[in-house]
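Chains, contacts and geometry: an overview
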Amino acid sequence: MRRSRIKAFLVASTKSFFKDKGSVFWVIAWPIILVLMSAYVFIPPSAGSPMTMKLGIVNHDASRSPFNGSSLISVLSNVKYNGTRLFEIKVYKAEEDMLADLDKGKLDAGIIIPSGFGRNLTLGTALLKAYVGGKSIYSIQVNRGILESFLCGFAREIGLRKANIALNYISGAPSNWTHPSQFNATFKEFVYRFMVGLVEPINTTLVEKAPKALTERPRILGWYVLGAVGMMMLYSGFSLGATAIVEEKEKGRLERILSTPSTPADLLAGKMLSGLLILLLSSIVIILSGLAVQAEVRWNPLRPADLLVLLHFLLLGVMTISMGFLLSLVSKTTKGAGNLAVGLGLLLSFTAGIWFPKEWMPGALRMLADVFPPTWSLDAIRDIVVYRVGIGDVALLTVESLAATLILFLLGVEAYRRVIRRYVEA
Amino acid sequence: MLLEARDLWKSFGGRPALRGVELSIKDKGIVSLLGPNGAGKSTFMKIAAGILRPERGSILVMGRDPRDPEARSLIAYCPQEPGLFDELNSWDNLMFYARLYSLPEQKAREKARILLEELGILDHASKPVGKLSGGMRKKLGLAIAMLAEPPLYLLDEPTTGMDPGSRRDVWRILREIKADGGAVLLATHYMDEADELSDTVYIMDKGRIVASGKPEKLKERYGPPSVVEIMFRRVPSQSSVEDALRGLEHTWSEGKLRVSVERPEKVVPRLVEQLYSLGADIGSVRIVKPTLEDVFLKLTGRRLETSEEK
């Protein structure tokens, strides 16, 4: 194997690839379109902020109680979650109008405040009627959860206030009251605690502890930017491997090349290196486009785990090109090989945990993602640059990916040899 | 010995392509492999270039098996399809092959410039080769073969599809290769090309070498002593002319009638009289030397042109 010969294939194949508009579209333009769509359509700038529910209200309450229907509307208008208003209120006069808007999907929920709401709230139990809407079962579930959660919290607050007020009417302990052994408290304190317990029998401490990568837009975008890289690697790597020989044959170059002192091994090495270079350049462009839309892809060359990212990019490239060589066994024309490679690459991107998180997949597809080696390397890259895990956390994935790459490479080389023998008896 | 093929046999799907071919090139010069399409010329060239294996027989390039990379560094094979990267320009294509031959970059660039200039492609050298004419692509293919300056060139139909001017350019280049001490094995179906350029001609038909030797010797041995070439302004009817020609070996080509004769001084007056009596309007009558076309006709009973059509 001579360096000059490998350089010949590397330079000519890479230049030729980037001079073809169709190829440039698939390795550069399409992934950038995906990144932009992720940034402005799938994960718009509003993503990562809490949602604001559109809430319709019909207020029939005109009572003069200290807290009435208008007070409830005021509370609903001002309640916030993580700095974002939880409800956007639209007040309706007629119930039918509000229900019509719910039917049209213009509202997420609606509340009807009946007449006497304030009085009943002060003196006993107030009635409310709420409608929950939504554009999918998922959003109905979320809307219902938010509204119920608010109303429960609101009811608890009212209950606690009422308990405080009720305490004012207690003057002293009845004659038959005995001090309970569990509490070292006065009668008044005992009653207060008991009433609070009626209002709030369980006081749960709820701590939000979700992975930041899934809750912050820049990190979500980072996850998808790497998904775009993975998708591009899949169909481009497949395509580069699948068309490597058949294209040379179709363009009439193969025989001439193999009549020179270069060997099939030179051609294989040159094609592989050229493929890896194309995938690397394309990956860099995709990641830069991701950074431009504020995706967070963190990579620090001084952090040991981050160096593994380079290894995994290499493994991913070798794996996909080798799988492309395997596809060339069943492809007789460049067009056929290209179509097969892109079709299969896109299909696997959507089903094997490359573009969509595998946790979203049904069981069978999750299994596919679990056994698909390119997903292992991409998972390792995401674990490092998105979740910022250490070497220990990706060590097993790395070993598995290395082993899978070696096996796929050897199978790919055998496929390549068979395809060469199909055309040339050298 | 630059090239030596002994009893080469090759078939594709049971259909014989080569049948016991024997061919040798001992020294510098141009050796033509002349035959119609499908005669087996390209198959022979591919075996000589180490791309195909013979089923039987042996072939050596300067004493080595042509599949040995060392042997392949001693030849330059130019197939019918020039094997170019259409998206790249002529420089890039030349440099690609220069690297395959491990030529030093600077030397390769200088040589590329000379070749592009000689072949008249220098002005178009920066265009993607996919945008060049078929003739220019063929010339570039030839330039690639000449980059490495090997002792032996295997050129498969290098002038097919070229205009007459470009063919002349290529002929000039081939003569220069010969003058510089190179040896060329030229596969062609152009009789005039083989006649004009060759030191030795191997005539090939249906996978066999049917004759070989210097063009003049072949014509002496297999050709008729003379050929009468008659140009018509008007031919009454070909069938009536054919009656007049009964017993004489003849061919029609582009309105010309070529008749092989032993003693033209006896035959021509009688033939012209007969043709006039049939109502023919004769433009000219010439007695010319036989060509390799006549040799091929004699050996195979067919004309090269007719064989190609088949």
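To be clear, the structure that these remarks concern was listed above.
Everything quoted here is computed from the prediction, not taken from an experiment.

Here is what the cut-offs are and how they apply
- Residues numbered from 1 in each chain as written.
- Chains lettered and ligands numbered in written order.
- Predicted model: local features only at pLDDT ≥ 70, side-chain atom pairs only at ≥ 80, totals over all residues.
- Heavy atoms only, no water.
- Phe/Tyr/Trp six-rings, centres within 6.5 Å; stacked < 30°, edge-to-face > 60°.
- Helix = DSSP H or I, 4+ residues; strand = E, 2+ residues; numbered from the N terminus.
- Buried < 20%, exposed > 50% of the residue type's maximum accessible area, 1.4 Å probe, protein only.
- Core = buried A, V, L, I, M, F, W, Y, C linked by side-chain atoms within 4.5 Å.
- Contact = heavy atoms within 4.5 Å.
- Pairing = 2+ DSSP bridges.
- Axes fitted to C-alpha atoms, helices over the stretch in contact; angles between N-to-C directions.
- 1 Å grid on protein atoms, 1.4 Å probe; cavity = no way out; pocket = protein on both sides within 12 Å on 5 of 7 lines; lining within 4 Å.
- Points joined across faces, edges and corners; volume = space filled by probe spheres on them.
- Patch = residues over 30% accessible without salt bridge, like charges linked within 9 Å, V, L, I, M, F, W, Y side chains within 5 Å.
- Areas by Shrake-Rupley, 256 points an atom, 1.4 Å probe, with all protein chains shown as cover.
- Salt bridge = Lys/Arg side-chain N within 4 Å of Asp/Glu carboxyl O.
- Buried area = accessible area lost by both parts, 1.4 Å probe.
- Polar contact = N/O pair within 3.5 Å; in protein donor to acceptor, adjacent residues only side chain to side chain.
- Parallel < 35°, antiparallel > 145°, perpendicular 65-115°, else oblique.
- Left-handed = near helix turned anticlockwise from the far one by under 90°.
- Nonpolar A, V, L, I, M, F, W, Y, C, P; charged D, E, K, R; others polar.

1. Points about the packing of aromatic side chains
Residues and elements named next belong to chain A. Inspection of the entire model under this criterion finds 16 aromatic pairs over all chains. Seen in terms of ring centroids, Phe87 and Phe150 are 5.4 Å apart; in terms of plane orientation they differ by 75°. Their pairing is edge-to-face. Of the two residues, Phe87 is situated in strand S4 (residues 87–92) and Phe150 in helix H6 (residues 137–167); the sequence distance between them amounts to 63 residues. Since its relative accessible area comes to 10%, Phe150 is described here as buried. Ring geometry for Tyr224 and Trp355: centres 5.1 Å apart, planes at 65°, overall edge-to-face. Of this pair, Tyr224 sits in helix H8 (residues 217–250) while Trp355 sits in the loop between helix H12 (334–351) and helix H13 (363–371), placing them 131 residues apart in sequence.

2. Observations concerning the nonpolar core
Core analysis: the biggest nonpolar cluster contains 154 residues, and B:Leu3, B:Phe44 and B:Leu185 have the highest contact counts within it. In terms of residue count, the dominant contributor to this core is H8(A) (19 residues). The residues touching B:Phe44, leaving out its near neighbours within four places in the chain, are B:Leu3, B:Ala5, B:Leu8, B:Leu18, B:Val21, B:Leu23, B:Leu33, B:Ile59 and B:Leu185. In this structure, A:Met53, A:Leu76, A:Phe87 and A:Ile111 belong to the second largest nonpolar core, which totals 19 residues.

3. Structural notes on the sheet that holds strand S10 (residues 226–234) of chain B
Residue and element names in this part refer to chain B. Taken together, 4 strands build an open sheet; the order of strands is S11-S12-S10-S13 and the sheet is antiparallel. Across the chains shown, the open sheet's two edge strands, defined by having one partner strand only, are strand S11 (250–253) and strand S13 (281–288). Adjacent strand axes in the sheet meet at a mean angle of 20°, parallel and antiparallel pairs treated alike. The pairing of S10 with strand S12 (residues 256–261) spans 6 bridges and is antiparallel. Looking across to S12, one finds that Val227 is bridged to Ser260. Most of the contacts of helix H10 (residues 264–277) go to S13, to which it runs at about 165°, and overall it touches S10, S12 and S13.

4. Focus on unusual backbone geometry
A positive phi angle, close to 55°, is found at A:Arg388, a residue other than glycine. With respect to the secondary-structure elements, A:Arg388 resides in the loop between helix H14 (373–385) and helix H15 (391–423). A positive phi angle, near 45°, is found at B:Glu149, a position not held by glycine. Mapping B:Glu149 onto the fold places it in the loop between helix H5 (134–147) and strand S6 (152–156).

5. A closer look at the layout of surface pockets
All names here are of chain A. Approximately 660 Å³ is the volume attributed to the second largest pocket. Along the walls of the second largest pocket sit 30 residues, with Phe17, Ser23, Ser239, Thr243 and Glu247 positioned nearest its centre. Only helix H1 (3–18), helix H2 (21–42), H8, helix H10 (264–292) and H12 provide two or more residues apiece to the lining of the second largest pocket. Ranked by the residues each element gives to the lining of the second largest pocket, the list is headed by H8, at 9 residues.

6. Let's talk about a nonpolar patch on the surface
Residues and elements named next belong to chain A. Together, Phe25, Trp26, Ile33, Leu36, Met37, Tyr40, Val41 and Phe42 make up a nonpolar patch on the protein surface, roughly 720 Å² of accessible area in all. Residue placement: Ile33 occurs in helix H2. Under the relative-accessibility criterion, Ile33 is labelled partly exposed at 33%.

7. Details of the interface of chain B and chain A
Each side of the interface is counted separately: chain B has 34 residues, and chain A has 27 residues. Across the chain B to chain A interface the summed buried area is about 2,800 Å²; carbon plus sulfur atoms make up 55%. Counting across the interface, chain B meets chain A through 4 salt bridges. Ionic pairing is found between A:Lys251 and B:Glu87, a salt bridge with its closest N-O pair at 3.6 Å. The interface formed by chain B and chain A holds 13 residue pairs in polar contact (both at pLDDT 80 or more) in total. Taken together, the elements giving at least two residues each to the side of chain B that touches chain A come down to helix H2 (69–72), strand S5 (75–78), helix H3 (90–100) and H5 of chain B. Broken down by element, the residue count for the side of chain B that touches chain A peaks at 5 residues, all from H3(B).

8. Section: the packing of helix H11 (residues 304–327) of chain A against H14(A)
Residue and element names in this part refer to chain A. The contact between H11 and H14 brings their axes to 9 Å, and the two run at 160°. The angle between the axes of H11 and H14 places the two elements in the roughly antiparallel class. By crossing handedness, the relation of H11 to H14 is classed as left-handed. Of the residues in H14, those touching H11 at Ala305, Asp306, Leu308, Val309, His312, Phe313, Leu315, Leu316, Met319 and Met323 are Pro373, Pro374, Ser377, Leu378, Ala380, Ile381, Ile384 and Val385. Across the contact of H11 with H14, the residue classes tally to 15 nonpolar, 2 polar and 1 charged.

Limitation: the analysis is restricted to geometry and does not speak to function.
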